[in-house]
Structure formats: structure tokens, C-alpha cells
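Structure at a glance
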Amino acid sequence: MRQYTWLARSKPILLLLIAWGLSYAGDLAAFTAASVYAYRAGGAGLVAVLGLLKALPGAFLVPLVTSGSDRTRRERLLIATVVPRVLPLGVAAAAMTGGGQGLLVVVLVGVEGGVASAFRQIQAALLPWLARTPDELTSANSAASVLQSAAMVGGPAIAAGLLAAGAAQAAMLVSCGLVAVAAVLLAGVRPLSSEAPVRAAGRLKQLKLDMVAGFNAGVRQRDAVALFVPAAAQTFGRGVLNVLTVVIALELFDLGSAAVGWLTALLGVGGLLVGPLAVLFVRGKRVARSFAAGVAGWGVPMILLGFAHGAYWPYLTFGVIGVANVFDDVGVYSSLQQVIPPRLMGRALGVRRGLLLLSMGLGSAVTPWLIDAWGARGTLIATGLLLVALAAAFLPRLTAIDGKISAPGPDLALLRQVSFFHPLPFAIVEHLTSELQSATYEPGDVIIRDGEPGERFYIIAEGRARASKDGEQLREMGAGESFGEIALLRRTPRTATVTAMSRLEVRTLAREEFLAAVTGNPESVERAEEVISTRLQAG
């Protein structure tokens, strides 16, 4: 558990993750109660409609909601997507009091589930602004997956207990309460740095630009394709399993209606047991390949379940799928957060999630026909084989992705040596890395001159330099040390002359990039002022 202890010191991430767990638990409790209610009202066909309605609204709503997430405060956007979900859940609970309301309940819970799908994508786009390093980002994703697993246990288990007592309406009311508490917790989430506002074009034009940019970054680019296609197969399989879970519990293995909730809960139990270990495996050179293993881990248990007959097999295989889901989830988000540029993260994840929801809806929609054609067991086997085959097909490309993101580059490490860059979130530091420019100076070359206007910030990568004023030496600087911040932050001319003492390799940042990064974080400003005061006193 040591990998998670730093979360206790990061209140924004902690609140965000707890809110995510409660929100997801509420969504799953509602879906479980609605699935049983729908099956009793209209059989597997109405359950398939529920799965389709959960996917289709989300497929359109999630890209729309997240399209502006790179131009607005994501924590506020999260609250705006969670609060409206309380109403349809409350109305669905009221509708369950009367008979013959199966379709209305399915529509309400399906639409709520579609809106709920935006949470994880906005959260994933927000986390790079809350975490400081790639390892913190991976740990936060792992913790999110553990809480997701806990929600997969708690939400369906609550629903199962109340369904066993014949209280579907009570299960829906509990889900409504969980979502409401999540909205309250989100009020305490604040990013480490404020983002510079991005101007939008006209509404429709901007929406089109956002969709294209999100598709290119999250789906079309080479690395994103390898992270999308197996994920689309996995969500298709999830859609199939959403319908088959009811069939498995009530027909195939004759386990009773409460088993629908217990089977769904076991997806969470598996993840809960291995979640703390996932952060040890899903890091460094294994991030993208852990995603591939997770996708295959969904497929193999489905194949085994297709041949099994013992009553214990559904419980066992659903638990194994829960284990695989942790590696799938942590691996794919940790990869995407380093493959997709932070400035496009919200749009890319939104468009990507919209397409994945279509895939899940397709899985739910075709399952009744697959059952008619191949039977429930044949459907399980065919879906499992599809997942395993695609995970294997994209493994070489995913291995190449691991090679690129296995360790931070030297420029990122160089930036982290600057005291006032250290508090910045990973998203900002990664962006600054892409904006760095290299310059080389020979011994005796003047890099900046006292009294001249300041336009750039400098970090020494290799060699030594001397700072002087009026011919008097102030200090010598070596690799990892920086200069030039006083003129930029105080908006004054240069206060010293810096000359190369040996062959000097430096990295530079333009004034605008430097000021946007440092001034957006109060702790960075404080540390920069300490450095400036020390140097001015010494000079």
C-alpha cells in the first residue's frame, strides 16, 4: 500500500477518486436494479435495450461534453455532469412503484448511464494537472481502478441485497444518493496550476474542430490506434456480457435474480484483490502491454465459461475478469495520458470514449441475435476468441509504445531540477519539455547581458557559466542550474551578464511559456520569488 500513501497528502486527487468511486457505484447499482426490473418486464430483449440506451446517448453526449474540456475548468465540468444525473435516478425510483413501467425505467437509467460515462474521461484529462510525475499519474490511475473495483463490488452488492428482499425501488434510491454525495465531494477538487484560457471559434465551427482534433489525437494517430482497437473489442465484449449476465444467472446456470448483482460485484472483487499490486506491474516498460494482457484477460474467462457447467464457474470467471479489468484500465489510461498531448487530452478521450460506447452498445444490441444463432455458450466463446486475437495482433505495437514512454527523457528530468518547476503538474512539465529549445555557446560567449531586455529563460544541460555585474563575479553555475528568471518575472532588464566558461549546452524557454507555467501555480511563484530574493541580495 506504500504506493498509495502519497495520495493522503494530495487532497484534490483523493477527493476526485472517492467521488469517482461513489459515482460509479451509484451508476452500477442503478443498472443492476434496472436490468432485473427490465428482464422481468420484457425479457432479454428489454435488457439489451437498456444496454443500448446506456451506450448510445453516451456515445454522443460524452464527446459533446468533453469537447470544451480543454478550454474550461475540468473540475467544474465534472460537477456539471454529475449533478443532473440525480434527477433521472429519482424519477426511475418513483416509476418502479407502479407496474408496467419497464420501458420508462430503462430509458431513464440508460440516459443516466450515458451521461455517467463522461466522468472517467474528464477525470483522466484532469489527473495530469493534479499529479507531478509519470509514476504519480500511474499510481493515481491504479487507485482509480481500485476504487472502480470497490464500486463494482459495493454498487451491485447493495442492489443485490435489496433485490433479494424485493426492493428494486430502494436500490434505485440508494444509487441516487451515492451520485449526490459524489457531486458534493467534487467541490473540493482544485488543479495544481490554472490553465491559460483558449479562445474558441464560433460554436458549431469550434465543435467541428474539437471533434476532428479529438479523433486525430485519440483514435487516428498510430499509437492511439493500437490503444483503441483492442479497447473497442473489450467494450464490445462488455456490452455482450451486460446482456449475458442476466441470461447466465437466470437461465444458463439457474442461480436466481440476486446472482445478477453478485456476479457484477465479483467483477469488482477480483479487481479489489489485485488492485494494490497493479501499480507494481503497470509501470515503466509494462504499461501498454499490461493493457493488452487485460484485454486478453477478459477473453479467456469468457471462453472457459462457454464450456463450463458447474454452478461455481460464473463466480470464478467473473472474478478473473475483474482482475483483468484493473490491468486493462490502468494500462490504457496511463498510456493514453503520455501518448496524447495534454492540451488535447479532454477532446481526445471524449471522442475515443464516444466511439467505445458505440462499440459497447453494438455488443448489447447484437447479443439477442447471437444467442439465437449460436446459443449463450457459443456467444461467450466467440466473443472471448475475438478479444484474445486482437490483443495478440496489437502486442508488437504496444511493446513499441512501452519503449517510448518507459522513462522520462533527459529534458524532463532537467526541468524537474529547477526548484520552481518542481511543484508543477505533469501536464505542464510535459508541455514545457516540448517547448524547450537547445542552444550551444563556446567559451567566452555572452549569453545574456546586463541591462538588456529579457526574452528567454535558460537551464544549463552541460558545461559551466559565470554570472557577473559591473565586472565583478557573482557566482558560477553548472549543469541543472538556471538563470534569466528575474527579468521575466519582475518585468525588468537583465540584472547580470552571464558568460560561458566552457563549451555550454543550454535549454531555453520563451517568456510566454515560462510565465504561463510559473505564474499559474502559487507554490511555483513562491519558490521563484525565493530564488530571486537570494540572487538580488547576493548581487
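Higher on the page you've got the structure.
First, a word on what this report is: a plain description of the structure on this page. (Residues numbered from 1 in each chain as written. Predicted model: local features only at pLDDT ≥ 70, side-chain atom pairs only at ≥ 80, totals over all residues. Heavy atoms only, no water.)

**As for the sheet that holds strand β1 (residues 437–441)**
The strands making up a sheet are joined through hydrogen bonds of the backbone, oriented either antiparallel or parallel. Defined as follows: For two strands to be treated as a pair, DSSP must find at least two bridges joining them. A run of H or I in DSSP counts as a helix once it spans at least four residues, and a run of E counts as a strand once it spans at least two, with each numbered from the N terminus. Here a residue-residue contact requires only that any non-hydrogen atoms of the pair lie within 4.5 Å. Between the N-to-C directions of two axes lies an angle of 0 to 180 degrees, each axis being a line fitted to C-alpha atoms and, for a helix, fitted only over the stretch in contact.
Ordered by their spatial adjacency, 4 strands build an open sheet running β1-β8-β3-β6, and the pairing between neighbours is antiparallel. Edge positions in the sheet fall to β1 and β6 (482–483), since each of these pairs with one other strand and no more. Across 5 bridges, the pairing between β1 and strand β8 (residues 504–510) is antiparallel. Across the sheet, the residue bridging to glutamine 437 is threonine 508, located in β8. The strands touched by helix α18 (residues 511–519) are β3 (456–462) and β8; relative to β8, the strand with the most contacts, the crossing angle is about 70°.

**Remarks on the nonpolar core**
Nonpolar side chains tend to gather and get buried jointly when the protein is soluble and globular. Convention followed: Only buried Ala, Val, Leu, Ile, Met, Phe, Trp, Tyr and Cys residues count toward a nonpolar core, and they belong to the same one when joined by side-chain atoms within 4.5 Å. Each residue is placed in one exposure class: buried if its accessible area under a 1.4 Å probe, protein chains only, is under 20% of its type's maximum, exposed if it is over 50%, and partly exposed if it falls in between.
In terms of nonpolar packing, the biggest core is built from 140 residues, with Leu16, Met172, Leu398, Phe420, Phe421, Phe457 and Phe514 touching the most fellow members. No other element matches the 24 residues that helix α1 (residues 11–66) contributes to this core. Those residues in contact with phenylalanine 457 that lie beyond four places of it in its chain are Val418, Phe420, Phe421, Ser482, Phe483, Gly484, Glu485, Leu488, Arg507, Thr508, Leu509 and Phe514.

**Quick notes on a nonpolar patch on the surface**
The test is simple: Patch criteria: residues need more than 30% relative accessible area and no salt bridge. Like-charged residues are merged within 9 Å; nonpolar side chains of Val, Leu, Ile, Met, Phe, Trp and Tyr are merged within 5 Å. What sets the accessible areas is the Shrake-Rupley method with a 1.4 Å probe; for residues, cover comes only from the shown protein chains. Criterion for a salt bridge: a side-chain nitrogen of Lys or Arg within 4 Å of a carboxyl oxygen of Asp or Glu.
A contiguous nonpolar surface patch, about 280 Å² in accessible area, is contributed by Val49, Leu103, Val107 and Val111. It is helix α4 (residues 102–116) that provides the largest number of residues to the nonpolar patch, a total of 3 residues. The residue valine 49 is located in helix α1 in this model. Residue class for valine 49 comes out partly exposed when judged on its relative accessible area of 31%.

**A look at α18**
For clarity, the threshold we go by: When we speak of the arc, we mean the arc of directions from the helix axis to the C-beta atoms.
For α18, the complete set of buried residues consists of Arg511, Phe514, Leu515, Ala517 and Val518. Along the axis of α18, the buried residues cluster in a sector spanning 165°; they form a single face.

**Looking at the pairing of strand β4 (residues 465–469)**
In the sheet, β4 pairs with strand β5 (residues 472–477) via 5 bridges, with the strands oriented antiparallel. In the strand pairing of β5, lysine 469 is matched with glutamate 472. Counted between consecutive antiparallel strands, the loop separating β4 from β5 contains 2 residues, among which aspartate 470 sits at a positive phi close to 55°.

**A few points about the packing of helix α9 (residues 222–252) against helix α13 (residues 345–393)**
Angle between the axes and distance between the axes: these two values describe a pair of packed helices. Our working rule: Roughly parallel refers to an angle under 35 degrees, roughly antiparallel to one over 145, roughly perpendicular to one between 65 and 115, and oblique to any angle outside these ranges. In this scheme the handedness of a crossing depends on how the near helix is turned from the far one: anticlockwise by less than a right angle means left-handed, clockwise means right-handed. Any residue that is not Ala, Val, Leu, Ile, Met, Phe, Trp, Tyr, Cys, Pro, Asp, Glu, Lys or Arg is counted as polar, Gly included; the first ten are nonpolar and the last four charged.
Relative to each other, α9 and α13 sit at 50°, their axes nearing to 5 Å. By the angle class used here, α9 and α13 are oblique. Handedness of the α9/α13 crossing: right-handed. A breakdown of the residues in the contact of α9 with α13 according to their chemical character gives 26 nonpolar, 11 polar and 4 charged.

**A look at the sheet that holds β5**
Taken in spatial order, the 4 strands make up an open sheet running β2-β7-β4-β5, and their pairing is antiparallel. Here the strands that pair on one side only, and so sit at the sheet edges, are β2 (446–448) and β5. Ignoring which end each strand starts from, the neighbouring axes of this sheet average 30° apart. By the bridge criterion, 4 bridges tie β4 to strand β7 (residues 497–500) in an arrangement that is antiparallel. Bridge pairing links alanine 465 to alanine 500 in β7.

**Some thoughts on the side chain of aspartate 328**
Applicable threshold: Neither His nor the chain ends contribute to the count of charged residues, in which Lys and Arg are positive and Asp and Glu negative.
Considering the arrangement of structural elements, one finds aspartate 328 in helix α12 (residues 313–339). It turns out aspartate 328 is buried and unbridged, and the closest side chain with the opposite charge, arginine 352, is 6.9 Å from it. Contact partners of aspartate 328, with chain neighbours within four places excluded, come to Gln234, Ser290, Phe291, Gly294, Val295 and Trp298.

**Observations concerning the pattern of salt bridges**
In the structure shown here, the tally under the stated rule is 11 salt bridges. Glutamate 442 is the salt-bridge partner of arginine 503, the closest N and O atoms lying 3.4 Å from each other. Highlighted residues: arginine 503 in the loop between β7 and β8 and glutamate 442 in the loop between β1 and β2, separated in sequence by 61 residues. Note on arginine 503: relative accessible area 48%, which makes it partly exposed. Glutamate 442 gets classed as partly exposed once you look at its relative accessible area, which sits at 37%. Through salt bridges with shared partners, a single ionic network connects Glu442, Arg503 and Glu505.

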